[in-house]
Amino acid sequence: MSEARRANVVGLGLIGGSVGRALRARGWRVQGTDVDVAQVAAAVRLEVIDEAGLDPGAEVTFVAVPALAVPDAAKHVLETTTGLVTDTAGVKASVVASITDRRFLGGHPMAGSEQEGLEGADGELFEGAVWVLTPTVETTDEVFATVASIVSSLGAEVVTLTPERHDSLVAVVSHVPHLAAATLMTLADDRAEEHAALLRLAAGGFRDMTRIAAGHPAIWPDICEDNRAAIVEGLDGLIAGLRSVRDVVDRTDRDALLALLTRARAARTNLPTRVARPADLAEVRIPIPDRPGAAAEVFTLASELGVNVADFEVYHSAEGAKGIMILLIEATASDLFRGGLIARGFRPGVRRLE
């Protein structure tokens, strides 16, 4: 019987606890720490982790603490363990810039829950979720491929972005929507003081739109401080858009309103989904060139082109450091992806699955 793979989790809240549960469900042995000693004891009792403390020989450590606390926590782990280190913070540029050790790879699982803390930890939280990795030019193929493989095994879809690009995009798709939902919820709550029946009428679209406002508020001051510029830019865009909609409604411009709603509906319908059927997939085999960051470059290209990677593996040659990366992607995107790879000096082979 082979020995269990070993991991650490630093920070045993909702995300860290979910990582622990997900790893243990897949046969890993997990140790963990938290600034709250009682939280660690609870994690052992709830079987979120196997043992308290850091395993110095663990293959990987997940740092799941608030964004502003990540640099110090990650540096401590890098000094006291020999394995790879990744984090889960929702802001990446400042974190990645502050950690120069090549064993570190920034990450952000875009998953959450209305549940709070360790009690809400769910080993299936990452199933179908996007997990962003943010390699730099210093990130080796081995580090990237190992971390990407581990988070992919938890059911997540790996998306690769530069740290700066991540912060810009996540402000639009996560940070601004959360603040907008909180603002709308507060507006309704203010009106409810005047009209007691208002919140009883809140159903359907209102509940769907404000669901994320139920998330734990404590993480947001750090996120808003660390990603201030991108969030302010996103809020400015939202405010301008709402002013435009206000004007359309105010002047009863039916054509303009219908055009806006039709465009929004089409965009919402076309949001990407995970590929499920093998018949819809193509296998792409890519010899990895002998240059730093080539594997991460492949994933970055997929993200830029909007190509969903359903699964991947990396095979290393016994003759040296070279290897083969095998990806499963949507067959309809195979020509686009192949062309992009060739343009960047790769030599891909593409085969549609039967």
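Residues numbered from 1 in each chain as written. Predicted model: local features only at pLDDT ≥ 70, side-chain atom pairs only at ≥ 80, totals over all residues. Heavy atoms only, no water.

Undergrad: For this particular structure, what's the right way to read the overall build of the protein chain?
TA: Counting its secondary structure elements, the protein chain contains 13 helices and 12 strands. For the protein chain, whose C-alpha radius of gyration is 22 Å, the value lies close to the compact-globule estimate of 20 Å for 354 residues. Taken across its 354 residues, the protein chain has 41% of its residues classed as buried. Looking at the protein chain alone, contacts between residues at least 24 apart form 67% of all its contacts between residues at least 6 apart. For the protein chain, the computed accessible surface area is about 19100 Å², with 54% contributed by carbon and sulfur atoms. (Helix = DSSP H or I, 4+ residues; strand = E, 2+ residues; numbered from the N terminus. Rg over C-alpha atoms; globule rule 2.2 N^0.38 Å. Buried < 20%, exposed > 50% of the residue type's maximum accessible area, 1.4 Å probe, protein only. Contact = heavy atoms within 4.5 Å. Areas by Shrake-Rupley, 256 points an atom, 1.4 Å probe, with all protein chains shown as cover.)

Undergrad: I tried to follow empty space enclosed by the protein on my own but got confused; where do I start?
TA: One water molecule sets the probe size; rolling that probe over the atoms shows where empty space is left. If you walk through the whole model with that rule in mind, you get one cavity of 30 Å³ or more. Lining the largest cavity are 10 residues, with Ser152, Ala156, Glu157, Val158 and Val309 sitting closest to its centre. Those elements that provide at least two residues to the lining of the largest cavity are strand S8 (157-160) and strand S10 (309-316). The leading source of residues in the lining of the largest cavity is S10, at four residues. Residue composition of the lining of the largest cavity, by class: six nonpolar, one polar and three charged. (1 Å grid on protein atoms, 1.4 Å probe; cavity = no way out; pocket = protein on both sides within 12 Å on 5 of 7 lines; lining within 4 Å. Points joined across faces, edges and corners; volume = space filled by probe spheres on them. Nonpolar A, V, L, I, M, F, W, Y, C, P; charged D, E, K, R; others polar.)

Undergrad: Would you take a moment to explain the pattern of salt bridges for this structure?
TA: When their charged atoms lie close together, side chains carrying opposite charge are able to pair. All told, the structure shown has 12 salt bridges when counted by the stated rule. A salt bridge links Asp101 to Arg103; the shortest N-O distance between them is 3.6 Å. Assessed through its relative accessible area of 30%, Asp101 is described here as partly exposed. When the shortest N-O distance is used, the salt bridge between Asp247 and Arg246 registers 3.4 Å. On the accessibility criterion, Asp247 (38% relative accessible area) is partly exposed. Residue Arg246 is classed as exposed on the basis of its relative accessible area, which comes to 53%. (Salt bridge = Lys/Arg side-chain N within 4 Å of Asp/Glu carboxyl O.)

Undergrad: Looking at this structure, I do not really get the nonpolar core. What am I missing?
TA: The nonpolar side chains of soluble globular proteins are, as a tendency, buried together. Among the nonpolar cores identified, the biggest contains 52 residues, and Leu23, Phe126, Trp131, Leu327 and Phe337 are the most heavily contacted of them. Here this core takes seven residues from helix H12 (residues 294-305), the largest share from any one element. Discounting chain neighbours no more than four positions away, the residues touching Phe337 are Val284, Val298, Leu301, Ala302, Leu305, Val307 and Ile329. (Core = buried A, V, L, I, M, F, W, Y, C linked by side-chain atoms within 4.5 Å.)

Undergrad: When you look at the packing of H12 against helix H13 (residues 334-343) in this model, what are you seeing that I'm missing?
TA: Contact pair H12 / H13: the axes reach a minimum separation of 10 Å and the direction vectors enclose 130°. It follows that H12 is oblique to H13 by the angle criterion. Here H12 and H13 pass one another in a crossing that is right-handed. In this structure, H12 contributes Val298, Leu301, Ala302 and Leu305 to the contact, and H13 contributes Leu336, Phe337, Gly340 and Leu341. (Axes fitted to C-alpha atoms, helices over the stretch in contact; angles between N-to-C directions. Parallel < 35°, antiparallel > 145°, perpendicular 65-115°, else oblique. Left-handed = near helix turned anticlockwise from the far one by under 90°.)

Undergrad: What is the right way to look at the environment of Val151 in this model?
TA: Mapped onto the fold, Val151 is located in helix H5 (residues 141-153). Between the C-alpha atom of Val151 and that of Val19, which follows or precedes it by 132 residues, the distance is 9.2 Å.

Taken by themselves, the reported measurements are silent on function.
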